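# What the coordinates show
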Amino acid sequence: GRHGDLAGKHVVITAGGTQEPIDPVRYVGNRSSGKMGYSLAREARDRGAHVILITGSATLPPPYGVELHRVETAIQMRDAVLRFITAADVLIMSAAVADFRPAQVAAQKIKKTGGQSGTQEKSEHGNDGGLTLHMVRNPDILQEVAEVVDKASQHQRLVRVGFAAETENLIAYAQQKLVQKHLDLLVANDVSRSDSGFGSDTNKVFIFHANGSMEDLPVMPKTDVAAAIFQRIVPLLGTT
Ligand code: C5P
């Protein structure tokens, strides 16, 4: 049975979206609800795992019996992930991590005129009153995890699962990501469908395996998707 099949295992799960500050009152965010990650946390808990849930923005109640760590930015999430994976058997990155962040965070609220950050567009450019934000790349957390884990020979085996939300070329992008990020499994959903992805209670996913195979799962509640994912993780554990 599934109950207890993760007993003694440490599972780190990220959920929700990161928020990248612009000034003290504004941020750049995304539509992630956290539902998939929170479902995964409850499923791992029910299977007996010690669960660390690193959550960005999400409006869900904290799952009972799960160690919750709140973060805002991608950099904070990266730092938390790198800290907690040292003792983990499984890492699931279901968070929607912002690829970019504002290059500078204004110390004061940016005003409509005479702003302190970004480039306030001048009327000579025909863009009166606009604001240009300069964004820089955020670290890719799974890429950094790959570097740390693959280098450290003493690191215990860490099963790594990523997510991909795509609006086009889902299969090609997903297969590419699995290889680039050194993943054991990649769960891909088509966020252009209304029954799948951000905010939805159901998900239609494809699961890609490191051996190149792909599974096409039917539309299911996110709780069932979580169970399906752990059903595939358990056999990967303890195979060193
Ligand atoms: O490259 P893309 O953002 O589509 O990859 C998605 C997967 O990579 C997700 O598992 C996500 O949590 C993770 N990711 C990450 N660091 C980033 C961006 C995404 O670990 N900066």
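Rules of the game
- Residues numbered from 1 in each chain as written.
- Predicted model: local features only at pLDDT ≥ 70, side-chain atom pairs only at ≥ 80, totals over all residues.
- Heavy atoms only, no water.
- Core = buried A, V, L, I, M, F, W, Y, C linked by side-chain atoms within 4.5 Å.
- Buried < 20%, exposed > 50% of the residue type's maximum accessible area, 1.4 Å probe, protein only.
- Helix = DSSP H or I, 4+ residues; strand = E, 2+ residues; numbered from the N terminus.
- Contact = heavy atoms within 4.5 Å.
- Pairing = 2+ DSSP bridges.
- Axes fitted to C-alpha atoms, helices over the stretch in contact; angles between N-to-C directions.
- Near = heavy atom within 4 Å.
- Polar contact = N/O pair within 3.5 Å; in protein donor to acceptor, adjacent residues only side chain to side chain.
- Areas by Shrake-Rupley, 256 points an atom, 1.4 Å probe, with all protein chains shown as cover.
- Nonpolar A, V, L, I, M, F, W, Y, C, P; charged D, E, K, R; others polar.
- Salt bridge = Lys/Arg side-chain N within 4 Å of Asp/Glu carboxyl O.

## Here we look at the nonpolar core
- Formed by 31 residues in total, the largest nonpolar core has its most connected members in Ile 13, Leu 40, Ala 44, Ile 92, Ile 229, Phe 230 and Ile 233.
- Of all the secondary structure elements, the ones that give two or more residues to this core are strand S1 (10–15), helix H1 (35–46), strand S4 (50–55), strand S6 (90–93), strand S11 (159–166), strand S12 (185–190), strand S14 (205–209) and helix H5 (222–233).
- The element contributing the most residues to this core is H5, with 6 residues.
- Those residues in contact with Ile 13 that sit more than four places away from it in its chain are Gly 37, Leu 40, Ala 41, Ala 44, Val 51, Ile 52, Leu 53, Ile 54, Ile 92, Ser 94 and Phe 230.
- Listed in part, the 27 residues of the second largest apolar core include Ile 52, Phe 84, Ala 164 and Leu 170.

## So, the sheet that holds S4
- A sheet is described by the order of its strands in space; here 8 strands give the open sequence S5-S4-S1-S6-S11-S12-S14-S15, paired in mixed fashion. Pairing within the sheet leaves two strands with one partner each, and these edge strands are strand S5 (67–70) and strand S15 (214–216). For this sheet, the mean inter-axis angle between neighbouring strands, taken without regard to orientation, is 15 degrees.
- Most of the contacts of helix H2 (residues 74–84) go to S4, to which it runs at about 165 degrees, and overall it touches S1, S4, S5 and S6.

## Re the site of the ligand
- What surrounds the ligand is the set Met 93, Ala 95, Val 97, Asp 99, Pro 139, Asp 140, Ile 141, Leu 142, Gly 162, Phe 163, Lys 177 and Lys 181.
- Between the ligand and Phe 163 there is a distance of 2.8 Å, counted from an oxygen atom to a backbone nitrogen or oxygen.
- Taking Lys 177, its side chain carries an N or O atom lying 2.4 Å from an oxygen atom of the ligand.
- Contact with the protein chains hides 87% of the accessible area of the ligand, taken as 450 Å² for the molecule alone.
- A breakdown of the residues in the shell around the ligand according to their chemical character gives 7 nonpolar, 1 polar and 4 charged.

## Here's the deal with the pairing of strand S2 (residues 20–23)
- Pairing geometry for S2 and strand S3 (residues 26–28), over 3 bridges, is antiparallel. When the sheet's bridge partners are listed, Glu 20 is paired in S3 with Val 28.
- Adjacent in sequence and paired antiparallel, S2 and S3 are bridged by 2 residues.

## Some thoughts on the pattern of salt bridges
- Throughout the structure, instances matching the rule amount to 13 salt bridges.
- Between Glu 144 and Arg 78 there is a salt bridge, with the nearest N and O atoms lying 3.1 Å from each other. Of this pair, Glu 144 sits in helix H3 (residues 141–151) while Arg 78 sits in helix H2, and the two are 66 residues apart along the sequence.
- Through salt bridges that share partners, Asp 5, Glu 43 and Arg 47 make up one connected network.

Worth remembering: the numbers are spatial, not functional.
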